[in-house]
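Close look at the chain arrangement
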Amino acid sequence: MVVASISDAAKALEQPWPYVAKPRRLEAVRMIRECLAGHCNQQAAIDAFKAAAIE
């Protein structure tokens, strides 16, 4: 899956992950939700998503 936006990242995080309860994935979910609500910097949310993907 190609992730090119915050909404793409949100969709990717809704997909099955090998370890759904990993801390970085949970943080990415929180950051993406905050960003979509307008309460978070997009770059911070993307960085959290990248960290979750690496984890």
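Residues numbered from 1 in each chain as written. Predicted model: local features only at pLDDT ≥ 70, side-chain atom pairs only at ≥ 80, totals over all residues. Heavy atoms only, no water.

Attention shifts here to the packing of aromatic side chains. Any aromatic ring pair is given by two values, namely how distant the centres are and how the planes are angled relative to each other. Applying the stated criterion across every chain, the model contains one aromatic pair. Relative to Phe49, the ring of Trp17 has its centre 6.3 Å away and its plane inclined at 85 degrees; by these criteria the two rings are edge-to-face. A residue pair is termed long-range when its members are at least 10 positions apart, and Trp17 in the loop between α1 (6-14) and α2 (23-36) and Phe49 in helix α3 (residues 42-54) qualify at 32 residues. Each member of the pair Trp17 and Phe49 is classed as buried. (Phe/Tyr/Trp six-rings, centres within 6.5 Å; stacked < 30°, edge-to-face > 60°. Helix = DSSP H or I, 4+ residues; strand = E, 2+ residues; numbered from the N terminus. Buried < 20%, exposed > 50% of the residue type's maximum accessible area, 1.4 Å probe, protein only.)

The interhelical angle for the contact between α1 and α2, taken along N-to-C directions, is 140 degrees, at an axis separation of 10 Å. The angle between α1 and α2 falls in the class oblique. When the axes of α1 and α2 are compared, the crossing they make is left-handed. Here Ile6, Ala9, Ala10 and Leu13 of α1 come into contact with α2, specifically with Arg25, Ala28, Val29, Ile32, Cys35 and Leu36. Looking at the contact of α1 with α2 residue by residue, the class counts come to nine nonpolar, no polar and one charged. (Axes fitted to C-alpha atoms, helices over the stretch in contact; angles between N-to-C directions. Parallel < 35°, antiparallel > 145°, perpendicular 65-115°, else oblique. Left-handed = near helix turned anticlockwise from the far one by under 90°. Contact = heavy atoms within 4.5 Å. Nonpolar A, V, L, I, M, F, W, Y, C, P; charged D, E, K, R; others polar.)

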